[in-house]
Amino acid sequence: MTQDDFTVTPYAVRGDVDYDRVLEQFGADELSEQQRDQFPDPGHPLVDRGIFYGGRDVEEFLDAMNSDEQVSIVTGRGPSGPMHVGHVFPFYLAKYLQEQTGAYVYIPMSDDEKYFAKDQDFEDIQHWTRQNIREIMAVGFDPERTRIVVDTADSDVIYPWAAKFAKRYTQSTVDATYGDPENIGLSFYPAVQATHLLLPQLIHGRHRTMVPIAVDQDPHIRLCRDVAAKEDYDVYKPSAMLSRFFPQLKGDGGKMSSSDDAPTLFLSDDRETVRDKIQKYAFSGGQTSLDEHRELGGDPDVDVAYQLLYYFFEEDDEKVAELADDYRSGDLLTGDLKNYAADKVADFLEAHQERKANLDSFETEMERYSLTDEEREKLTGDLLY
Ligand code: TRP
């Protein structure tokens, strides 16, 4: 086997990621044109334009969804800091699917995982858990069909299942899948995430579920699917849609990170900040001088302002094609492309921020999104009390 010069695990993403090779390594499939076509009409840029590019059992999920069966989406968040635009797009995809199909959406918050993985104290993680939950609520899910669970706060329902699954995971599997975990918390955590992925079926019985997630998280899905198959639980293996990493402003194709100093676009950024960051930091595919740009044109494929528009912020297919053409021909200048992108990003963020400002108190909102007593009972069944 040849040595790849990149690493992708849930806890480390390094080097120049070869996305197709990652699918091969993980044993996942490419998302086909034919599968993209089976998504609801109108489609979604995240699917149509390929930031979601891989998957597992996508066909089975689409078939169920298109036969009007009840389906569920699971997409979670490890809360260790403020959310940036790269963190939120799977949630917007989940919202779109919920609007189009009435899907249930399950949103687990892995505060335990982040505590194990990061050099932060517990209070800090709890702070971010609350903040992040408010951002996620601002996406605009239907609370009737959406549940948010927090690993430590909902341990009454999570732990019994995690314990059952943990017994099926050997240390050597975990070591081989994640690289030697730093502490026993991280050794155990895969059983917790397996619980997340099966929650909808443990509550509502066997049905098709989909996990839209960045490709580095696929190992969690793989182990969960193994466990689901091994045990005699009446569940389907969760399906998954795997995404590339959202473009970073500096544009090297790695994971957009809020933990290092590289500038990123936060959900809380105002219009001016967005414009500033994009003008200053977004990697440009344009030429260095105006004359050269007019003559030679720019390269949208490496231009971060264009990538932002392409993957998420410009829904109009014709407009996005026109921008690419005008940029290539040199008619559209880098500064103007950046301004256009900044406006689209800021419009989107303002709508998000307005929904956030209109939320009720954390406690009131959380009541709407918490598991009901009936759902809790489904999960705890015949436990002692
Ligand atoms: N582990 C994920 C992360 O670090 C967060 C997460 C927890 C998640 N549970 C999940 C994502 C279930 C998708 C589905 O980002």
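Heads up: the structure comes first, above all this text.
Bear in mind the structure is a predicted one, so any value in this text is a computation, not a measurement.

Cut-offs applied
- Residues numbered from 1 in each chain as written.
- Predicted model: local features only at pLDDT ≥ 70, side-chain atom pairs only at ≥ 80, totals over all residues.
- Heavy atoms only, no water.
- Helix = DSSP H or I, 4+ residues; strand = E, 2+ residues; numbered from the N terminus.
- Rg over C-alpha atoms; globule rule 2.2 N^0.38 Å.
- Contact = heavy atoms within 4.5 Å.
- Areas by Shrake-Rupley, 256 points an atom, 1.4 Å probe, with all protein chains shown as cover.
- Buried < 20%, exposed > 50% of the residue type's maximum accessible area, 1.4 Å probe, protein only.
- Phe/Tyr/Trp six-rings, centres within 6.5 Å; stacked < 30°, edge-to-face > 60°.
- Axes fitted to C-alpha atoms, helices over the stretch in contact; angles between N-to-C directions.
- Parallel < 35°, antiparallel > 145°, perpendicular 65-115°, else oblique.
- Left-handed = near helix turned anticlockwise from the far one by under 90°.
- Nonpolar A, V, L, I, M, F, W, Y, C, P; charged D, E, K, R; others polar.
- Salt bridge = Lys/Arg side-chain N within 4 Å of Asp/Glu carboxyl O.
- Pairing = 2+ DSSP bridges.
- Patch = residues over 30% accessible without salt bridge, like charges linked within 9 Å, V, L, I, M, F, W, Y side chains within 5 Å.
- Lys, Arg positive; Asp, Glu negative; His and termini not counted.
- Charge placed at Lys NZ, Arg CZ, Asp CG, Glu CD.

(A) The arrangement of the overall build of the protein in detail. Scanning the protein from terminus to terminus reveals 18 helices and 9 strands. Relative to the compact-globule value of 21 Å for 385 residues, the protein shows a C-alpha radius of gyration of 21 Å, a close match. In terms of overall dimensions, the protein has a C-alpha envelope of 75 × 55 × 45 Å along the principal axes. Expressed as a percentage of contacts within the protein between residues at least 6 apart in sequence, the contacts between residues at least 24 apart total 76%. Entry remark: accessible area of the protein is about 17500 Å², with carbon and sulfur atoms responsible for 44%.

(B) Spotlight on the environment of A324. Note that A324 resides in helix α15 (residues 317-329). Leave out the neighbours within four places in its chain, and A324 touches P300 and Y306.

(C) Summary view of helix α8 (residues 155-166). Taken residue by residue, α8 has V157, I158, P160, W161, A162 and F165 as its buried positions. Contacts from the buried residues of α8 go to β7 (146-150), α10 (184-204), α11 (218-230) and α18 (373-380).

(D) Representation of the side chain of Q217 within the structure. Within the secondary structure, Q217 sits in the loop between β8 (209-214) and α11. In this view, Q217 contacts P10 and Q193; residues no more than four positions away in its chain are not counted.

(E) Spatial organisation of unusual backbone geometry. Omega for the bond connecting D41 with P42 falls within 30 degrees of zero, at 0°, which places this linkage in the cis form. Among the secondary structure elements, P42 is positioned in the loop between α2 (33-36) and α3 (45-48). Although it is not a glycine, D68 sits at a positive phi angle of roughly 60°. For D68, the location among the structural elements is in the loop between α4 (58-66) and β5 (72-74).

(F) Region of the structure containing the packing of aromatic side chains. Within this structure, the stated rule accounts for 20 aromatic pairs. Residues Y19 and Y53 carry aromatic rings whose centres are separated by 5.5 Å and whose planes lie at 80° to one another, so their mutual orientation is edge-to-face. Here Y53 lies in strand β4 (residues 52-56) and Y19 lies in helix α1 (residues 19-26), a separation of 34 residues in the sequence. As far as the burial class goes, Y19 and Y53 line up, both buried.

(G) The arrangement of the packing of α15 against helix α16 (residues 334-357) in detail. For the pair α15 and α16, interaxial distance at closest approach is 11 Å and the crossing angle is 160°. Taken together, α15 and α16 sit at an angle that is classed as roughly antiparallel. Considering the relative orientation of α15 and α16, their crossing is left-handed. Contacts between α15 and α16 involve K319, L323 and Y327 on the former and, on the latter, T334, L337 and Y340. A breakdown of the residues in the contact of α15 with α16 according to their chemical character gives 4 nonpolar, 1 polar and 1 charged.

(H) Examining the environment of M65 more closely. As for its placement among the helices and strands, M65 is situated in helix α4. For M65, a relative accessible area of 5% gives the class buried. On a C-alpha basis, the gap between M65 and R208 in space is 8.1 Å, while along the polypeptide they are 143 residues apart. Filtering out sequence-adjacent residues up to four positions away, M65 remains in contact with Q38, P40, V71, L97 and T101.

(I) Highlighting the pattern of salt bridges. Summed over the entire model, instances satisfying the criterion amount to 23 salt bridges. Of the charged contacts, one joins D317 and R49 as a salt bridge, the two residues approaching to 2.7 Å between their closest N and O atoms. A residue pair is termed long-range when its members are at least 10 positions apart, and D317 in helix α15 and R49 in the loop between α3 and β4 qualify at 268 residues. Overall, R49 belongs to the buried group, its relative accessible area being 9%. Of the charged contacts in the structure, one is a salt bridge between D142 and R145, with a shortest N-O distance of 4.0 Å. Among the charged side chains, a salt-bridge network with shared partners connects R271, R275, D343, D347 and E350.

(J) Layout of the sheet that holds strand β9 (residues 239-243). Overall, mixed pairing links the 7 strands, which are arranged β3-β4-β9-β8-β5-β6-β7 in an open sheet. On the outer flanks of this sheet lie β3 (29-30) and β7, each paired with one strand and no other.

(K) Molecular detail of a negative patch on the surface. Judged by side-chain charge, D5, D16, D18, D20, D29 and E30 come together as a negatively charged surface patch. Mapped onto the elements of the fold, D29 is located in strand β3. Given a relative accessible area of 45%, D29 falls into the partly exposed group.

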